[in-house]
Protein chains: 2
Amino acid sequence: MKFRRSERLVDMTNYLVENPGQLISLTYFADRYGSAKSSISEDLTIIKETFEQRGIGTLITVPGAAGGVKYIVNIKDEDAVTFIDKMCEIMAKPERLLPGGYLFMNDILGQPQTVNMVGRLIATAYANKEIDAVMTVATKGIPLAYAAAAQLNVPVVIVRRDSRVTEGSTVSINYVSGSSKRIQTMVLSKRSLETGSRVLIVDDFMVAGGTVNGMISLLEEFEATVAGIAVLVESEKAEDRLVDDYISLVKLSGVDVVEKKISVSHGNYFKRKK
Amino acid sequence: MKFRRSERLVDMTNYLVENPGQLISLTYFADRYGSAKSSISEDLTIIKETFEQRGIGTLITVPGAAGGVKYIVNIKDEDAVTFIDKMCEIMAKPERLLPGGYLFMNDILGQPQTVNMVGRLIATAYANKEIDAVMTVATKGIPLAYAAAAQLNVPVVIVRRDSRVTEGSTVSINYVSGSSKRIQTMVLSKRSLETGSRVLIVDDFMVAGGTVNGMISLLEEFEATVAGIAVLVESEKAEDRLVDDYISLVKLSGVDVVEKKISVSHGNYFKRKK
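Where an unreviewed UniProt entry is consulted, chain A appears under the name Pur operon repressor, with the organism given as Peribacillus saganii. UniProt, in its Subunit (unreviewed entry) section for chain A, records the words "Homodimer." Looking at the Sequence similarities (unreviewed entry) heading of the UniProt record, one finds this comment for chain A: "Belongs to the purine/pyrimidine phosphoribosyltransferase family. PurR subfamily."

We now examine the packing of aromatic side chains. All names here are of chain A. On inspection of all chains with the given rule, the structure shows 14 aromatic pairs over all chains. Ring centres 5.8 Å apart and planes at 65° place the aromatic pair Y28 and F29 in the edge-to-face group. With a relative accessible area of 33%, Y28 lands in the partly exposed category. Among the residues examined, F29 registers a relative accessible area of 0% and is labelled buried.

On to the UniProt feature "domain: Bacterial purine repressor N-terminal" (unreviewed entry) in chain A. Taken from the UniProt record, the annotation "domain: Bacterial purine repressor N-terminal" (unreviewed entry) applies to residues 4-72 of chain A. Within the segment residues 4-72 of chain A, helix and strand shares are 58% and 16% respectively, and the terminal C-alpha atoms sit 25 Å apart.

A few words now on the nonpolar core. When a protein is soluble and globular, its nonpolar side chains tend to lie buried together. Ranked by internal contacts, the top residues of the largest apolar core, which has 139 residues, are F29 of chain A together with F29 of chain B. Dropping the residues within four chain positions of it, F29 of chain A is found in contact with M12, Y15, L16, I24, I40, L44 and V69 of chain A.

This brings us to the sheet that holds strand β8 (residues 225-235) of chain B. Residues and elements named next belong to chain B. Pairing is mixed in the open sheet, where 6 strands are placed in the order β4-β3-β7-β8-β9-β10. This sheet does not close on itself; its edge strands, each paired only once, are β4 (156-159) and β10 (261-266). Taking each pair of neighbouring strands and ignoring which way they run, the sheet shows an average axis angle of 25°. Note: strand β7 (residues 198-206) against β8, 8 bridges, orientation parallel. Each bridged residue has a counterpart across the sheet, and for R198 the counterpart in β8 is T225. Of the strands in this sheet, β8, β9 (247-256) and β10 touch helix α4 (residues 77-91), which is tilted by about 170° from β10. Strand contacts of helix α6 (residues 112-126): β7, β8 and β9, with the helix running at about 140° to β8, the strand carrying the most contacts.

Next up on the list: the relation of the copies chain A and chain B. With an axial shift of 0.0 Å and an RMSD of 0.0 Å, the rotation relating chain A to chain B amounts to 180°. Taken together, the turn and the small shift mark the pair as related by a two-fold rotation axis.

All names here are of chain A. At their nearest, the axes of helix α1 (residues 5-18) and helix α3 (residues 37-54) sit 10 Å apart, and the two run at 60° to each other. In terms of orientation, α1 lies oblique with respect to α3. When the axes of α1 and α3 are compared, the crossing they make is right-handed. In this structure, α1 contributes R5, R8, L9, M12, T13, L16 and V17 to the contact, and α3 contributes S39, I40, E42, D43, L44, I46, I47 and F51. Among the residues forming the contact of α1 with α3, the class breakdown is 9 nonpolar, 2 polar and 4 charged.

All names here are of chain A. With mixed pairing, the 6 strands of this open sheet are ordered in space as β4-β3-β7-β8-β9-β10. Every other strand in the sheet has two partners, leaving β4 (156-159) and β10 (261-266) as the edge strands with one partner each. Strand after strand, the sheet turns through a mean of 25° between neighbouring axes, direction not considered. Bridging between strand β3 (residues 133-137) and β4 involves 4 bridges; their strand directions are parallel. If you follow V137 over to β4, its bridge partner there is V159. Strand contacts of helix α6 (residues 112-126): β7 (198-206), β8 (225-235) and β9 (247-256), with the helix running at about 140° to β8, the strand carrying the most contacts.

All right, on to the domain arrangement of chain A then. Residue and element names in this part refer to chain A. Taken domain by domain, chain A consists of domain 1 (5-73) and domain 2 (77-272). Each of domain 1 and domain 2 was reduced to a C-alpha centroid, and the two centroids are 32 Å apart. Listed per partner, the contact involves 8 residues of domain 1 and 8 residues of domain 2. At the surface where domain 1 touches domain 2, the tally comes to 0 salt bridges. At the junction of domain 1 and domain 2, the tally comes to 1 residue pair in polar contact (both at pLDDT 80 or more). Per-element tally for the side of domain 1 that touches domain 2: the top contributor is strand β2 (residues 68-73), with 3 residues. Of the residues in the side of domain 1 that touches domain 2, the class split is 4 nonpolar, 3 polar and 1 charged.

Quick notes on the rules
Residues numbered from 1 in each chain as written. Chains lettered and ligands numbered in written order. Predicted model: local features only at pLDDT ≥ 70, side-chain atom pairs only at ≥ 80, totals over all residues. Heavy atoms only, no water. UniProt positions renumbered as here; feature names shortened; annotations may be inferred. Phe/Tyr/Trp six-rings, centres within 6.5 Å; stacked < 30°, edge-to-face > 60°. Buried < 20%, exposed > 50% of the residue type's maximum accessible area, 1.4 Å probe, protein only. Helix = DSSP H or I, 4+ residues; strand = E, 2+ residues; numbered from the N terminus. Core = buried A, V, L, I, M, F, W, Y, C linked by side-chain atoms within 4.5 Å. Contact = heavy atoms within 4.5 Å. Pairing = 2+ DSSP bridges. Axes fitted to C-alpha atoms, helices over the stretch in contact; angles between N-to-C directions. Least-squares fit on C-alpha atoms with pLDDT ≥ 70 in both. Parallel < 35°, antiparallel > 145°, perpendicular 65-115°, else oblique. Left-handed = near helix turned anticlockwise from the far one by under 90°. Nonpolar A, V, L, I, M, F, W, Y, C, P; charged D, E, K, R; others polar. Domains from an automatic or database assignment. Salt bridge = Lys/Arg side-chain N within 4 Å of Asp/Glu carboxyl O. Polar contact = N/O pair within 3.5 Å; in protein donor to acceptor, adjacent residues only side chain to side chain.

Printed below as a string of C-alpha cells:
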C-alpha cells in the first residue's frame, strides 16, 4: 500500500513527536510507507523546516548506515516567555496562600498540559547535554520528571522517603533539610540507577536546596553524576542556598501573609539556558 | 505569512496531538496560517483519514459557531495486543521476583514511552465516557494517571497516605486494605475535586482492590462518582475481589517463588473495553 506525501507528513509528524530523542532510520519510514528513501528525505526536510519555524523543535540527522533522524524538542524563547508569564500570573493569586506562607500548587501541578509544557522547557534547556536518567523525589516532582524524561528519551528514577517491599534492595542516606535543619531520609531502589549515570534532577519547588542536595548525596552512592538541576519554582527567601547551578522557571520572591500578596517573577531559565 | 499545505499538515498534526481532547475552532487554524477555512477543512480531512488508517486516533468535528475539531486518541486493537504481549513478556522475567512474591516494576514504570502508551490505551477505553478528572494514589500510579489524563484532557488528583501542609485543608478516610486487612488512611486535598465530578480511577497494581475501594469511599465524601477504574496489572490470586467493574491491561495469574516462575497473561482490556 502506497502513501501520499500528505499522509506521510501527518503520520511521520505524529511518530516523531511521540518518540522524541529516538533515532529512527530512514529505512524504517521507507518501509512503513512503501516509499523511496529520497521521498522520505524530502518529507523530513519539510517537517524539520516547519518544526523550526514554529518553534516546536528540530530534526537532527545522523548520517551513515546506523544513522537516521531524531526529533529534539526546542521551544522558542517567545513561547517560553508567554508560558512563564502565565505561570507567574496564576501563581500570584492570593487564594493560593496557605497557613505558614506555603502555596497551594496542586491545581497547577494537576494539569497535564501545564506539566508537559514544563517538561518541554526543561528538555529544551538540557537538549545538548548527555543525560541518562531523570531523578526526582516523591511526590509532587514526579509528573514534571516524567514530562522532561519523555522528551529526553530517558528513564525516571524516583527517590522515596520510606522503603517499600516493591522497591527491592535499597540504598538510603540521611540529609539535612535546608529550611527546617532536620535530619531526613531518602531511599532509592538499588536497581534504579546504573553506575556512572549522568542524572538530571527535577523537582517542583526549591527553597534552600536541601532536598536537591540530598539527591546529590544519593547519586554519589551510585557513583552517578549530576548532569543538571531543574525546578519549576525557586524561593528567593532562602538565605544560604545549598545548590547554585540550577535552572528555575519561576521565582517566588515574597509572600506577605498579612496583605495576602504573593510576589512571583521569572526564574533564571533564560539566563542559565544559554 | 502564508503557509503551504504540507507545512500546515505538519504543524496541525503536532498541535492536535499535543492538545488531545481540546476543541479547537477552525478560525484558530485559519488565523494561524492565514488560510481560508475551506483549506483548513481539507487539511483536517487528510489528518483525520490518516489518523484513523494508522490507528492513532480520530478527529471529531463539532458543528456550529462554537464548534471546531477535537483530536481523540484511539489505539487500534492490533497495536494494543502487540504492546500488551510485550508487557507480559517483560513482566514474566524471573529477576523481577522480590521476597514475599512481590514483583519489581520500577524499571517498567520508569519508562516514559511505556507509561504514555498505557495512558493512551486507558484513554482509548474511556474516550466515550464523560470524565472530569483522573484520580490515583501516590506513588506508583501517578505517571499512569497523568498519561491517561493528558489524553482525556482532564486534571489529575492525587490521594496521599499522609497529610502535608502544602495540601491545604484535607478530607481523610480510613479503609481496610484488601490483602493485609489492616486499617489504612487516605487523604485528599479539599480543593482538589469539585462536587459532582465523574472520576476515572487509575492505578498500577490491584490485588483485592482495597486501595481502589478506599478511593471510591473518598469520592463519596466529595459527592463525586466513579466513571471507571483502570489498572495496569491485576493479580488473579485475590480471592474476594472488592471491585468488579474495572479494566486491566495485564493479569498476574501466579508467582512460583521456588521455581522462580511468573505467570502473566492479558488482562480484561479487550473484553471490557467494548
